[in-house]
Amino acid sequence: MSSHPGAISFMDNYFIFDTDKRLSTYSSFKIDTYGFFLCTKGTFCIEIDLKPFRLRPGMLTVYVPGQLVTYKSAGKDLFGTRLVMTKRFVSGLGLPYNFSLAADIRENPVLYLKSGELQAIRNYCNMVKNLLSKKRPYQAETLRHLTCAYAYSLGSYLYRMTAGRKLSNEEALMQRFLHELHTYYKKERKVMFYAERLNITAGYLSTLASSVSGRTASEWIDSFVLLEAKIMLTSTNMTIQQISYELHFPSQTFFGKYFKRLTGLSPKEYREGEKVRR
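For the structure given in this document, a descriptive report is provided here. (Residues numbered from 1 in each chain as written. Predicted model: local features only at pLDDT ≥ 70, side-chain atom pairs only at ≥ 80, totals over all residues. Heavy atoms only, no water.)

1. Quick look at the overall build of the protein chain
Okay, step 1: In terms of helices and strands, the protein chain carries 11 helices and 10 strands.
Okay, step 2: Evaluated residue by residue, the protein chain yields a buried proportion of 44% over its 278 residues.
Okay, step 3: In the protein chain, the share of contacts with a sequence separation of at least 24, taken over all contacts with a separation of at least 6, comes to 69%.
Okay, step 4: Taken as a whole, the protein chain presents about 14,900 Å² of accessible surface, with 52% of it coming from carbon and sulfur.
Okay, step 5: Averaged over its 39 positive side-chain charges, the protein chain has a centre that lies 4 Å from the centre of its 23 negative ones. (Helix = DSSP H or I, 4+ residues; strand = E, 2+ residues; numbered from the N terminus. Buried < 20%, exposed > 50% of the residue type's maximum accessible area, 1.4 Å probe, protein only. Contact = heavy atoms within 4.5 Å. Areas by Shrake-Rupley, 256 points an atom, 1.4 Å probe, with all protein chains shown as cover. Lys, Arg positive; Asp, Glu negative; His and termini not counted. Charge placed at Lys NZ, Arg CZ, Asp CG, Glu CD.)

Laid out in structure tokens, this is it:
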């Protein structure tokens, strides 16, 4: 990240820079850092945990570890500001243990900012760029305080936004299902497991998911597992056997049959094809 032209960094744990369409690589990956992308010009289509979003100027995408992200397409004039913070940096901020911002972001990863919130994030970015432009006394402490202040501001905005939106019982249950799925999909692929977690029947969960989202519960589960598998096949050096173990398949053969049933390709064919495409 530090090699990006114009990037301003702090101790290899914090990076902020303006970026254009190079942000869009038309690929999938798993987020292992915190941060955001503020769109200031153009459009950007993205999927976060399999949910599609279309960014326009004034919209903010917030990233937290564990999200499955796919960059779909970007307008030729896309431009914005990107912030990346490592887990180490965020753990050193001293936020209280019950600060639920990460969980709130997973449910609302893309925000349309009103004028006040948009000005607040611009002020934060400008202050950080000025702070890190050269060595200054108490630089680390100032950066932490600025970032904490903005984290609380973002948390307050998320709270106000979600408090004003009333979910139906079905929508709330679907949200709980997706939360459970995000937690357990690498280990559990049976609808019954998630239904029991929600204290409902498997049949009702499948009907609910299809009604609210247009996908059955099984399709949601398969989509999460498949995207994780694709990311590991294209962005790691793990062997196919290692990937099958990581996803808790009983054997490499079982994983291969599962993958081919959903994609029409074996894991090896998919990996080799992606190498050629890229």
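The discussion continues.
2. So, empty space enclosed by the protein
Okay, step 1: Taken as a whole, this structure holds one cavity of 30 Å³ or more when the rule is applied.
Okay, step 2: In this structure, the largest cavity occupies an estimated 40 Å³ of space.
Okay, step 3: Taken together, Leu113, Glu117, Ala120, Tyr150, Ser153, Leu154 and Tyr157 make up the lining of the largest cavity.
Okay, step 4: Ranked by the residues each element gives to the lining of the largest cavity, the list is headed by helix 4 (residues 139-163), at four residues.
Okay, step 5: Grouping the constituent residues of the lining of the largest cavity by class yields five nonpolar, one polar and one charged. (1 Å grid on protein atoms, 1.4 Å probe; cavity = no way out; pocket = protein on both sides within 12 Å on 5 of 7 lines; lining within 4 Å. Points joined across faces, edges and corners; volume = space filled by probe spheres on them. Nonpolar A, V, L, I, M, F, W, Y, C, P; charged D, E, K, R; others polar.)

3. Observations concerning the sheet that holds strand 6 (residues 51-55)
Okay, step 1: Read from one edge of the open sheet, four strands run 3-8-5-6, paired in antiparallel fashion. Either end of the sheet is taken by a strand with one partner, and the two such strands are strand 3 (28-30) and strand 6. Each neighbouring strand pair of the sheet contributes to a mean axis angle of 25°, computed without reference to strand direction.
Okay, step 2: Bridge analysis of strand 5 (residues 44-48) against strand 6 gives five bridges, and the strand direction is antiparallel. From the neighbouring strand, isoleucine 48 faces strand 6, where its bridge partner is lysine 51. (Pairing = 2+ DSSP bridges. Axes fitted to C-alpha atoms, helices over the stretch in contact; angles between N-to-C directions.)

4. What about the pairing of strand 8 (residues 68-74)?
Okay, step 1: Examined bridge by bridge, strand 3 and strand 8 share three bridges and lie antiparallel to one another. In the sheet register, serine 28 faces strand 8, and the bridge partner there is threonine 70.

5. Remarks on the nonpolar core
Okay, step 1: Membership of the largest hydrophobic core comes to 36 residues, with the highest contact counts inside it found for Phe177, Leu181, Leu205, Trp220, Leu247 and Phe255.
Okay, step 2: Elements with a minimum of two residues in this core: helix 5 (169-184), helix 6 (191-198), helix 7 (202-213), helix 8 (217-235), helix 9 (240-246) and helix 10 (252-263).
Okay, step 3: Ranked by residue count, the leading element in this core is helix 8, at 11 residues.
Okay, step 4: Among all residues touching phenylalanine 255, those that are not within four sequence positions of it are Ala229, Ile240, Ile243, Ser244, Leu247, Phe249 and Pro267.
Okay, step 5: With 30 residues, the next largest nonpolar core counts Val62, Val90, Cys148 and Tyr150 among its residues. (Core = buried A, V, L, I, M, F, W, Y, C linked by side-chain atoms within 4.5 Å.)

6. Comments concerning the layout of surface pockets
Rolled over the atoms, a probe as big as a water molecule pinpoints where empty space is left.
Okay, step 1: Volume-wise, the largest pocket comes out at about 730 Å³.
Okay, step 2: Lining the largest pocket are 25 residues, and of these Lys51, Arg106, Glu107, Asn108 and Gln175 lie nearest its centre.
Okay, step 3: For the lining of the largest pocket, the secondary-structure elements that each account for two or more residues are strand 6, helix 2 (101-107), helix 4, helix 5 and helix 7.
Okay, step 4: With seven residues, helix 5 is the largest single contributor of residues to the lining of the largest pocket.

7. Some points on the pattern of salt bridges
Okay, step 1: Inspection of the entire model under this criterion finds four salt bridges.
Okay, step 2: Of the charged contacts in the structure, one is a salt bridge between lysine 30 and glutamate 228, with a shortest N-O distance of 3.3 Å. Separated by 198 residues along the polypeptide, lysine 30 in strand 3 and glutamate 228 in helix 8 bring together distant segments of the chain.
Okay, step 3: We classify lysine 30 as partly exposed; its relative accessible area is 31%. (Salt bridge = Lys/Arg side-chain N within 4 Å of Asp/Glu carboxyl O.)

8. Details of the packing of helix 8 against helix 10
Okay, step 1: Look at helix 8 against helix 10: their axes get within 11 Å of each other, and the N-to-C directions meet at 105°. Between helix 8 and helix 10, the interaxial angle falls into the category roughly perpendicular. Mapping the contact onto sequence places Asp222, Val225, Leu226, Ala229, Lys230 and Leu233 in helix 8 and Phe255, Tyr258, Phe259, Arg261, Leu262 and Thr263 in helix 10. (Parallel < 35°, antiparallel > 145°, perpendicular 65-115°, else oblique.)

9. Here's the deal with the environment of leucine 68
Okay, step 1: Looking at the secondary structure, you find leucine 68 in strand 8.
Okay, step 2: A C-alpha to C-alpha distance of 25 Å links leucine 68 and leucine 93, two positions 25 residues apart in sequence.
Okay, step 3: Dropping the residues within four chain positions of it, leucine 68 is found in contact with Phe29, Lys30, Glu47, Ile48, Asp49, Leu50, Tyr185, Phe224, Leu227, Glu228 and Ile231.

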